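One-letter residues, chain by chain:
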Amino acid sequence: MFNLLSVIGPTASGKTALAVQLALAFGGEVISADSRQVYRGMDIGTGKDLEEYRVNGKRISCHLIDIVEAGYKYNVFEYQRDFVRVWESCRERKVLPILCGGSGLYVEAVLKGYQLLPVPVNEQLRNSLAGLSLQELAERLARYKKLHNTTEIDTPKRAIRAIEIEEYYQNHPCEKKDFPVIRPLIVGVDVGREVRRDRITRRLHERLNQGMIEEVQRILDSGVKPEDLIYYGLEYKFLTLYLLGDLSYEEMVRQLNVAIHQFAKRQMTWFRKMEREGFKICWLPAEMSLGEKIDTIRGWWNEG
């Protein structure tokens, strides 16, 4: 019998709206699986769309959004810990937990029950790697047989952190720890490539008009270092570079648009990898009506 409903899909696929409606129909609560929506104040750029969690005046509970300050480097170990806490709370209250998100590493970490360690900062290692190019860091990272941190390494800072994690795991064997048995029904929202591209581009311009640049400026003004915002990638990387004067407005929009398209493609690559490794993902076409999706998912759930 299933004990978790998971809704996954690439950015701009409509997965959040579906998860909210499922929570309303099933009497559930949403657990976000988005690696950037955990940060307070990073709203427009991460697409929190908090109004989506209100349906006909009813507020749908959502967890693991706005739980740490911008500038902090939240990680998959912390996410796994926080997910288990919320999942167990839902189970105790007899509420259906609905995992929703596009961060493949976070989704897989809880569905597969990764055995993880909290990895501390290694200043000596960081100093030894300082000054290496991103290409040199990526080549060093590729030498490790099994990567525990497969997040994006599009900046030297991310690559150094990934190396730091691998070095720590080599010297600190992970002790087996108990992890709850997760029996998920995984529903994927499949959106066609051209439709997805159109949605991404349109949504980018909408968010720029909604004040995304001003949001990034406010975060910088609050004291968050530019390099820490750049670390988060995508909107926060390119908008920070624009505000620093390193990119023109037109070049920022062009590069960011391309980067989001590439990100969505990598999301789908991750989900397909999960399928190859044994996860059953029940795909639904994005163009299917919301009612049809809910009825189909209800049938799958009852079969489980």
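All values derive from a computational prediction rather than experimental measurement.

1. Considerations on the overall build of the chain
Here's step 1: When helices and strands are tallied, the chain shows 12 helices and 10 strands.
Here's step 2: Computed over its C-alpha atoms, the radius of gyration of the chain comes to 20 Å, within 12% of the 19 Å expected for a compact globule of 304 residues.
Here's step 3: In the chain, buried positions account for 50% of the 304 residues.
Here's step 4: Expressed as a percentage of contacts within the chain between residues at least 6 apart in sequence, the contacts between residues at least 24 apart total 74%.

2. With respect to the pattern of salt bridges
Side chains bearing opposite charge may pair, as long as their charged atoms lie close to each other.
Here's step 1: Using the criterion set out here, one finds 19 salt bridges in the structure.
Here's step 2: With a closest N to O distance of 2.8 Å, Arg36 and Glu235 form a salt bridge. Remark: Glu235 occurs in helix H10 (residues 234-243) and Arg36 occurs in the loop between strand E2 (28-32) and strand E3 (39-40); sequence separation between them is 199 residues. The burial state of Arg36 is the same as that of Glu235; both residues are buried.
Here's step 3: Its salt-bridge partner being Asp228, residue Lys73 comes within 2.9 Å of it at the nearest N-O pair. Highlighted residues: Lys73 in the loop between strand E7 (68-69) and helix H2 (76-92) and Asp228 in helix H9 (residues 226-231), separated in sequence by 155 residues.
Here's step 4: Given a relative accessible area of 11%, Asp228 falls into the buried group.

3. A few points about unusual backbone geometry
Here's step 1: Positive phi outside glycine occurs at Ala12, with the angle close to 70°.
Here's step 2: Following the sequence through the fold, Ala12 ends up in the loop between strand E1 (4-8) and helix H1 (15-26).
Here's step 3: For Leu234, which is not a glycine, the phi torsion comes out positive at approximately 45°.
Here's step 4: Tracing the backbone through its elements, the reader meets Leu234 in helix H10.

4. Thoughts on the nonpolar core
Here's step 1: Counting 63 residues, the largest nonpolar core has Tyr79, Phe83, Leu99, Leu111 and Met252 as its most contacted members.
Here's step 2: Apart from residues lying up to four places away in sequence, Tyr79 is in contact with Ile31, Ser32, Ala33, Leu64, Tyr74, Leu99, Tyr106 and Val110.
Here's step 3: Judged by nonpolar contacts, the second largest core, of 26 residues, contains Ala23, Val30, Leu96 and Ile98.

5. What to know about the sheet that holds strand E9 (residues 184-190)
Here's step 1: Strands sit in the order E6-E2-E8-E1-E9-E10 across an open sheet of 6 strands; the sheet is parallel. Whereas interior strands pair on both sides, the edge strands pair on one side only; in this sheet they are strand E6 (62-63) and strand E10 (281-285).
Here's step 2: In this fold helix H3 (residues 104-112) packs onto E1, strand E8 (96-101) and E9, with an angle of close to 145° to the strand it touches most, E8.
Here's step 3: Along the sheet face, helix H11 (residues 249-276) touches E1, E8, E9 and E10 and points at about 140° away from the line of E10.

6. With respect to H11
Here's step 1: Relative to the 40 Å expected for 28 residues at 1.5 Å per residue, H11 spans 41 Å between its end C-alpha atoms, a close match to the ideal helical length.
Here's step 2: Backbone geometry just downstream of H11 places Gly278 in the positive-phi region, at approximately 115°.

7. Points about the environment of Glu214
Here's step 1: One can find Glu214 in helix H8 (residues 212-221).
Here's step 2: We classify Glu214 as partly exposed; its relative accessible area is 45%.
Here's step 3: Through-space distance from the C-alpha of Glu214 to that of Asn3 is 41 Å; in sequence the pair is 211 residues apart.

8. Quick word on the packing of aromatic side chains
Here's step 1: Counted according to the given criterion, the structure contains 8 aromatic pairs.
Here's step 2: Taken together, a centroid distance of 6.2 Å and an interplanar angle of 85° make the contact between Phe26 and Trp301 edge-to-face. Placement of Phe26 in helix H1 and of Trp301 in helix H12 (residues 290-303) is noted, with a sequence separation of 275 residues between them.
Here's step 3: An aromatic cluster is present here, built from Tyr74, Tyr79, Phe83 and Tyr106 joined pairwise through their rings.

9. Description of H1
Here's step 1: If you check H1, its first and last C-alpha atoms are 16 Å apart, about what 12 residues at 1.5 Å a residue would give, namely 16 Å.
Here's step 2: By the burial criterion, the buried members of H1 are Lys15, Thr16, Leu18, Ala19, Val20, Leu22, Ala23 and Phe26.
Here's step 3: Contact partners of the buried residues in H1: E1, E2, strand E4 (54-55), E8, E9 and H12.

10. Quick word on the packing of helix H5 (residues 134-141) against helix H6 (residues 156-171)
For any two helices packed against each other, the geometry is given by the interaxial angle and the distance between the axes.
Here's step 1: Where H5 contacts H6, the two axes come as close as 9 Å, and the packing angle between them is 20°. With respect to H6, the element H5 is oriented roughly parallel. Along this stretch, H5 crosses H6, giving a crossing that reads as left-handed. Packed against H5, whose contacting residues are Leu134, Leu137, Arg140 and Leu141, the element H6 presents Pro156, Ala159, Ile160, Ala162, Ile163, Glu166 and Glu167 at the interface.
Here's step 2: Looking at the contact of H5 with H6 residue by residue, the class counts come to 8 nonpolar, no polar and 3 charged.

11. Looking at the state of the cysteines
Here's step 1: Here the structure, examined in full by the defined rule, presents 0 disulfides.
Here's step 2: Of the cysteine sulfurs around Cys90, a residue in no disulfide, the closest is that of Cys62, at 10 Å.
Here's step 3: Looking at the unpaired Cys282, the closest cysteine sulfur is the one in Cys100, lying at 16 Å.
Here's step 4: Overall, Cys282 belongs to the buried group, its relative accessible area being 11%.

Reading guide: rules and limits
Residues numbered from 1 in each chain as written. Predicted model: local features only at pLDDT ≥ 70, side-chain atom pairs only at ≥ 80, totals over all residues. Heavy atoms only, no water. Helix = DSSP H or I, 4+ residues; strand = E, 2+ residues; numbered from the N terminus. Rg over C-alpha atoms; globule rule 2.2 N^0.38 Å. Buried < 20%, exposed > 50% of the residue type's maximum accessible area, 1.4 Å probe, protein only. Contact = heavy atoms within 4.5 Å. Salt bridge = Lys/Arg side-chain N within 4 Å of Asp/Glu carboxyl O. Core = buried A, V, L, I, M, F, W, Y, C linked by side-chain atoms within 4.5 Å. Pairing = 2+ DSSP bridges. Axes fitted to C-alpha atoms, helices over the stretch in contact; angles between N-to-C directions. Expected span 1.5 Å × (residues − 1). Phe/Tyr/Trp six-rings, centres within 6.5 Å; stacked < 30°, edge-to-face > 60°. Parallel < 35°, antiparallel > 145°, perpendicular 65-115°, else oblique. Left-handed = near helix turned anticlockwise from the far one by under 90°. Nonpolar A, V, L, I, M, F, W, Y, C, P; charged D, E, K, R; others polar. Disulfide = S-S within 2.5 Å.

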